[in-house]
Amino acid sequence: MNLFNKLAVISLSVIASYAVALPDDWQKEMTILSDSAEIDRRAGTVVYEGNVVLTQGTLKIEADRLMILRNGDTLEKAVAEGDRARYQQQIEVGKPLTTALGNRIDYYTSERRIIITGDAELEQEGNIFSGERITYDMATETVRADGNTAESSTDSTDEDSGRIKVVIQPPKPESDSEPDSTESPEAATE
């Protein structure tokens, strides 16, 4: 058990130093809570199971199972799986949290990309993307959503079965950028 604790601390230290987030997120302490953990140093994996919660700065991942893959001292990928695995992170300073839900979430740290599969949903600034698979590239700020490519059953009552859905919020009204229309033209020029 003592050796296991030491390996877990070393693993977390390496992961914490390489996670990609807000400029100061990666410098913050990473905490992983779970019911169990298994470390395979040769394979470079750590698997956490049972009500897993990973937090580091604004990054939070919740899942039934979380596998972390390393290549030497570099964190390559985190894979969250379960019934509605959840990811959230503030991508830019001053922006709201970006959240994702799905049966599986692959988080590629060096590429700053996440892939959500299985009843996938991504919400960013009130805009919602949903489908079978969503890819979000944080570096290029692009989102790609794909529907279910398998043929939907003929007895399906859902007319949107297999399709993606995007909900885009209207632009927020600009306040104090235009003169009040009730003011006289002379008051606007003074």
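What you see is a predicted model; the values in this text were computed from it and never measured.

(A) Expanded view of the overall build of the protein chain. Broken down by element type, the protein chain carries two helices and 10 strands. For the protein chain, the N- to C-terminal ordering of α and β elements is α-β-β-β-β-β-β-β-β-β-β-α. Considering the protein chain as a whole, with its 190 residues, one finds that 35% of them fall into the buried category. Contacts spanning at least 24 positions in sequence make up 38% of the contacts within the protein chain whose residues lie at least 6 apart. Accessible surface, the protein chain: about 12000 Å² in total, of which carbon and sulfur atoms supply 46%.

(B) Main features of the side chain of Thr 45. With respect to the secondary-structure elements, Thr 45 resides in strand β3 (residues 45-56). According to the relative accessible area criterion, Thr 45 is buried, its value standing at 14%. The contacts of Thr 45, once residues within four sequence positions are left out, are Glu 38, Ile 39, Asp 40, Ile 68 and Leu 69.

(C) Focus on the pattern of salt bridges. In total, this model carries 10 salt bridges according to the counting rule given. In this structure, Glu 81 and Arg 65 form a salt bridge, with 3.1 Å as the shortest nitrogen-oxygen distance. In this pair, Glu 81 is assigned in strand β5 (residues 74-89) and Arg 65 in strand β4 (residues 59-71), connecting sequence segments 16 residues apart. Given a relative accessible area of 23%, Glu 81 falls into the partly exposed group. Between Asp 106 and Lys 77 there is a salt bridge, with the nearest N and O atoms lying 3.2 Å from each other. You can see Asp 106 sitting in strand β6 (residues 98-108) and its partner Lys 77 sitting in strand β5, a full 29 residues away along the chain. The same class applies to Asp 106 and to Lys 77, which are both buried.

(D) Fine view of the packing of aromatic side chains. Across all of its chains, the model carries one aromatic pair by this definition. Of note, Arg 113 hangs over the ring of Tyr 108, and the distance from its end group to the ring centre comes to 4.4 Å.

(E) Region of interest: the environment of Thr 58. Relative to the helices and strands, Thr 58 is located in the loop between β3 and β4. Measuring from C-alpha to C-alpha, the distance between Thr 58 and Asp 24 comes to 9.5 Å, with 34 residues separating the pair along the chain. Side-chain polar atoms of Thr 58 contact the backbone nitrogen of Gln 90, separated by 3.1 Å.

(F) Expanded view of the confidence of the model for the protein chain. In the predicted model, the protein chain carries a mean pLDDT of 79, and the fraction of residues at 70 or more is 72%. Low confidence marks residues 2-21, where pLDDT is under 50. Its contacts with residues over four positions away, or in another chain, come to 37 contacts. A low-confidence stretch, residues 151-159 (pLDDT under 50), is modelled with two contacts involving residues beyond four sequence positions or located in other chains.

How each quantity is defined
Residues numbered from 1 in each chain as written. Predicted model: local features only at pLDDT ≥ 70, side-chain atom pairs only at ≥ 80, totals over all residues. Heavy atoms only, no water. Helix = DSSP H or I, 4+ residues; strand = E, 2+ residues; numbered from the N terminus. Buried < 20%, exposed > 50% of the residue type's maximum accessible area, 1.4 Å probe, protein only. Contact = heavy atoms within 4.5 Å. Areas by Shrake-Rupley, 256 points an atom, 1.4 Å probe, with all protein chains shown as cover. Salt bridge = Lys/Arg side-chain N within 4 Å of Asp/Glu carboxyl O. Phe/Tyr/Trp six-rings, centres within 6.5 Å; stacked < 30°, edge-to-face > 60°. Lys NZ or Arg CZ within 6 Å of the ring centre and 35° of its normal. Polar contact = N/O pair within 3.5 Å; in protein donor to acceptor, adjacent residues only side chain to side chain. pLDDT = per-residue confidence, 0-100.

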